[in-house]
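As a plain string of letters, each chain reads:
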Amino acid sequence: QVQLVESGGGWVQAGGSLRLSCAASGRTVSSSAMGWFRQAPGKEREFVAGVSRGGATTYYADSVKGRFTISRDNAANTVYLQMNSLKPEDTAVYYCAARRPTSWGYNLPANYDYWGQGTQVTVSS
């Protein structure tokens, strides 16, 4: 069993920054590729960013490229999402997820078998 706990969400004005953290227990983060997703009210869950097991490869949705950075600290069993230049359209609940060992690709929620409870990010204009 894997537990993922997100933290770091909150309220920020447009142009501001937040750093989300995802702490894992039960299975080491180093054994899984990890992803961040978000879901706004009335919308489907969408891919934000992904990182390979070792951290050498990262992937981003076009909407956040150049503004968000995903990273991981395998020794601390934690994954991060640094969010800069935030926009009101970034407002959503943000989830971290651990990818299935047998899955490939980062952008499909179905490729992930464990999810955190989510953390709210609100960006005001």
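Everything below is about the structure shown above.
Residues numbered from 1 in each chain as written. Predicted model: local features only at pLDDT ≥ 70, side-chain atom pairs only at ≥ 80, totals over all residues. Heavy atoms only, no water.

1. As for the pattern of salt bridges
Turning to step 1, where the next piece is worked out: Tallying each qualifying case throughout the model produces 4 salt bridges.
Turning to step 2, where the next piece is worked out: Ionic pairing is found between Arg38 and Asp90, a salt bridge with its closest N-O pair at 2.9 Å. With Arg38 in strand β4 (residues 34–39) and Asp90 in the loop between β8 (78–83) and β9 (92–99), this residue pair connects regions lying 52 residues apart in the sequence. Comparing Arg38 with Asp90, the two get one shared label, buried.
Turning to step 3, where the next piece is worked out: Two residues, Lys65 and Asp62, come together in a salt bridge whose shortest N-O distance is 3.1 Å. (Salt bridge = Lys/Arg side-chain N within 4 Å of Asp/Glu carboxyl O. Helix = DSSP H or I, 4+ residues; strand = E, 2+ residues; numbered from the N terminus. Buried < 20%, exposed > 50% of the residue type's maximum accessible area, 1.4 Å probe, protein only.)

2. Re the pairing of β9
Turning to step 1, where the next piece is worked out: With 7 of 8 residues buried, β9 is to be regarded as a mostly interior element.
Turning to step 2, where the next piece is worked out: Both β4 and β9 contribute to a ladder of 6 bridges, which runs antiparallel. Note on β9: the bridge partner recorded for Trp36 is Cys96.
Turning to step 3, where the next piece is worked out: Where β9 and strand β11 (residues 119–124) come together, 3 bridges link them in antiparallel fashion. Bridging across to β11, Val93 finds its partner in Gln120.
Turning to step 4, where the next piece is worked out: Relative to strand β10 (residues 112–115), β9 runs antiparallel, the two being bridged by 3 bridges. Its bridge partner being in β10, Ala98 is matched across the sheet by Tyr114. (Pairing = 2+ DSSP bridges.)

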